[in-house]
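# Residue-level structural notes
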Amino acid sequence: MNSMELPLVIFTVLSQGAVGLVALTAARQWAADGGGDLSPAPRTAWLTAMALLALGAFAALFHLGHMGGAVRTLANLESAWLSREGLALGATGALLLAGYLSPGLRARGAATAAAALGVAAVLVTSMTYAPAGFPALNNALPGVFFLLTAAVLGPALAAPFLPDAHQPVAMRALRAAMLVSLVINLVVPCVWLSGGTVMRLTGEAFLAAPLYWLRMALLAGSYALARGGRMPAWMLPLLVVQELLGRALFFMLPVHASVNIGNPF
Amino acid sequence: MKKQLGFLVDTEKCIGCFTCAMACKNVYHQQKGIAWRQVHPMGESIYPHRERAWLSLACNHCENPVCLEQCPVKAYAKREDGIVVHDQDACIGCGNCVRSCPYGAPKMNPVEKRAEKCSMCWQRIDAGLDPACVHSCPVGALSIADISTARLDGWVQYPAGYPEPKRLNPSTRFKAPRQPREIRRNDA
Ligand code: SF4
Ligand code: SF4
Ligand code: SF4
């Protein structure tokens, strides 16, 4: 089993939640520009997204052996996904600030750009965590997992900032994201079972982990109880906990190829 | 192909004594639990005999090293002779290379909190000496060669039990272990 990488768990979940929140807020600003209701103003949502992104970035520093070198992580943009990730998330943060400071909060352009860049940043981040050493993750799956985190936490984080009229839409988006996340997270370990030895060992590690099933139960329970047109207050912490749990397992359970040296691959 | 030094591992000669791994540890004073060279037993599904066979592995000094590609601070460099060297002073301990290398060659030094790995003893090579592990092997199972020019008939790049991420093009070559001959009473 690998280390939990708690700083990376916090960083990835918070930054992806922030991107989900920005995407929902951008959609709302488009709807308002089409004559919809923009009260209460989305200023607090922008601020919350910035705070989540900043907190996540701060947490990420703790996974470095030498935090002081963090500024140098942009040195290898030619080939290192970690360098590109730093650039993409920094640019997303800058656009969020621009959107927040825009007069009248009708900065549709900034909102759309921040949302699009945020989604791109999530995908770039996912490449950092799709290393060649882990065959089960050396593919598009980290991107899928990370986008699902943004899709689940986005509506859940946005709900408190939405007017009553928009609550049912957010609830529908949340339910759809939860269902897709549940299906994908249940199917993927089963698909890993049919891969090479290291992939199969990864699938077996997930299916044998009580914490994996606890996470699935929390997600399935939240989905079953997510009825009506408004998200209950208890649901946000529950969804954050199951995402943190899922991400911890993402770092802990995949099997590294080197573990199997001397045996068939 | 440009000059590329690589290890030649003769698994037919290797007796699994771990002297190479110990020699490396002694020269570089690796922390407890860290070994830049490791001697992996071949599993029974690959070598189903009473005798054992071994893969002595360190960094493969790949043609396209993923450690170098993914290091955000460019702590890795590839020399003219193909050796992939790591500058520990530049490393910030992000762990990217450790996760990325399918051979598990870079290790995280728990005290320094920076990565480290086999350097192919480039200082010894520059001085005209063999690497410490090669020098120490009592049965001559390890050597180095320029694989761009050496005649390597009978040597393989991907023996069973060795990861095969082709994009990296690892430089180590192997001679497969001999299959033991079963002698029955009637054969004698
Ligand atoms: S074996 Fe791993 S550490 Fe060595 S050069 Fe190849 S990728 Fe880099
Ligand atoms: S641990 Fe050091 S050498 Fe490895 S990728 Fe990170 S900064 Fe580079
Ligand atoms: S070449 Fe040198 S550094 Fe590499 S495994 Fe052998 S002794 Fe260790």
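Figured I'd write up the structure that's included with this text. (Residues numbered from 1 in each chain as written. Chains lettered and ligands numbered in written order. Predicted model: local features only at pLDDT ≥ 70, side-chain atom pairs only at ≥ 80, totals over all residues. Heavy atoms only, no water.)

### Section: helix H5 (residues 141-158) of chain A
Between its first and last C-alpha, H5 of chain A extends 26 Å over 18 residues, near the 26 Å set by a 1.5 Å rise per residue. Most of H5 of chain A is tucked away: 15 of the 18 residues are buried. (Helix = DSSP H or I, 4+ residues; strand = E, 2+ residues; numbered from the N terminus. Expected span 1.5 Å × (residues − 1). Buried < 20%, exposed > 50% of the residue type's maximum accessible area, 1.4 Å probe, protein only.)

### Looking at the interface of chain A and chain B
With 33 residues of chain A in contact, the opposing surface of chain B contributes 35 residues. Across the interface of chain A and chain B, roughly 2400 Å² is buried in total on both sides, 56% from carbon and sulfur atoms. Considering only the surface of chain A that becomes buried against chain B, His-66, Arg-72 and Ile-261 of chain A emerge as the three largest contributors, covering 24% of it. In this structure, the connection of chain A to chain B is made through two salt bridges. Where chain A meets chain B, there are 24 residue pairs in polar contact (both at pLDDT 80 or more). Broken down by element, the side of chain A that touches chain B gets its largest block of residues, three residues, from helix H3 (residues 81-101) of chain A. Among the residues forming the side of chain A that touches chain B, the class breakdown is 15 nonpolar, 15 polar and three charged. (Contact = heavy atoms within 4.5 Å. Buried area = accessible area lost by both parts, 1.4 Å probe. Salt bridge = Lys/Arg side-chain N within 4 Å of Asp/Glu carboxyl O. Polar contact = N/O pair within 3.5 Å; in protein donor to acceptor, adjacent residues only side chain to side chain. Nonpolar A, V, L, I, M, F, W, Y, C, P; charged D, E, K, R; others polar.)

### As for the packing of aromatic side chains
Residue and element names in this part refer to chain A. Taken as a whole and assessed by the stated rule, the structure comprises 14 aromatic pairs over all chains. Both rings, one in Tyr-129 and one in Phe-146, keep their centres 6.1 Å apart while their planes meet at 55 degrees; by these two values the pair is tilted. Of this pair, Tyr-129 sits in the loop between helix H4 (108-128) and H5 while Phe-146 sits in helix H5, and the two are 17 residues apart along the sequence. Summarising the burial analysis for this pair, Tyr-129 and Phe-146 share the class buried. Where Phe-146 meets Phe-250, the ring centres are 5.5 Å apart and the plane angle is 55 degrees; that geometry is what we call tilted. With Phe-146 in helix H5 and Phe-250 in helix H9 (residues 235-252), the pair connects residues that are 104 residues apart, well separated along the chain. The class for Phe-250 is buried, based on a relative accessible area of 6%. An aromatic cluster is built from Tyr-129, Phe-145, Phe-146, Phe-250 and Phe-251, whose rings are joined through pairwise contacts. The ring of Tyr-100 carries Arg-43 above its face, with NZ or CZ at 4.6 Å from the centroid. The ring of Tyr-223 carries Arg-175 above its face, with NZ or CZ at 4.5 Å from the centroid. (Phe/Tyr/Trp six-rings, centres within 6.5 Å; stacked < 30°, edge-to-face > 60°. Lys NZ or Arg CZ within 6 Å of the ring centre and 35° of its normal.)

### So, the pattern of salt bridges
Counted according to the given criterion, the structure contains 10 salt bridges over all chains. In this structure, the salt-bridge partner of Asp-164 of chain A is Arg-230 of chain A, at a minimum N-O distance of 2.3 Å. With a gap of 66 residues between them, Asp-164 of chain A in the loop between H5 and helix H6 (167-192) and Arg-230 of chain A in the loop between helix H8 (210-225) and H9 connect regions that are remote in the sequence. Among the salt bridges present, the one from Arg-167 of chain B reaches Glu-69 of chain B, with a minimum N-O distance of 2.9 Å. Here Arg-167 of chain B is found in the loop between strand E8 (142-146) and strand E9 (173-175), whereas its partner Glu-69 of chain B is found in helix H2 (residues 66-70), with 98 residues between them in sequence. A single salt-bridge network, built from bridges that share partners, covers Arg-79, Asp-81 and Asp-126 of chain B.

### Notes on the environment of Gln-4 of chain B
Residue and element names in this part refer to chain B. Its place among the elements puts Gln-4 in the segment before strand E1 (5-10). Since its relative accessible area comes to 2%, Gln-4 is described here as buried. A polar contact is formed between the side chain of Gln-4 and the side chain of Lys-78, at a distance of 2.9 Å.

### Comments concerning the site of ligand 1
Taken together, the neighbourhood of ligand 1 is formed by 14 residues, with Cys-59, Asn-60, Cys-62, Cys-67 and Cys-101 of chain B sitting nearest. For the shell around ligand 1, the class distribution of residues is 11 nonpolar, two polar and one charged. (Near = heavy atom within 4 Å.)

### With respect to the side chain of His-256 of chain A
Relative to the assigned elements, His-256 of chain A resides in the segment after H9. With relative accessibility at 8%, the residue His-256 of chain A sits in the buried group. Here Arg-99 of chain B takes part through its backbone oxygen, which lies 3.3 Å from a polar atom of the side chain of His-256 of chain A. If near-sequence neighbours (up to four positions away) are discounted, His-256 of chain A is found in contact with Gly-133, Phe-134 and Val-198 of chain A together with Val-98, Arg-99, Cys-101, Pro-102 and Gly-104 of chain B.

### What about the packing of helix H2 (residues 43-61) of chain A against H3 of chain A?
All names here are of chain A. Two elements in contact, H2 and H3, have axes whose closest approach is 10 Å; the angle formed by their N-to-C orientations is 155 degrees. When the interaxial angle is binned, H2 and H3 end up roughly antiparallel. For the pair H2 and H3, the crossing hand works out as left-handed. Where H2 abuts H3, its residues Arg-43, Trp-46, Leu-47, Ala-49, Met-50 and Leu-53 lie against Leu-89, Thr-92, Gly-93, Leu-95, Leu-96, Leu-97, Gly-99 and Tyr-100. By residue class, the composition of the contact of H2 with H3 is 10 nonpolar, three polar and one charged. (Axes fitted to C-alpha atoms, helices over the stretch in contact; angles between N-to-C directions. Parallel < 35°, antiparallel > 145°, perpendicular 65-115°, else oblique. Left-handed = near helix turned anticlockwise from the far one by under 90°.)

Remember, this is a structural readout, not a statement about activity or role.
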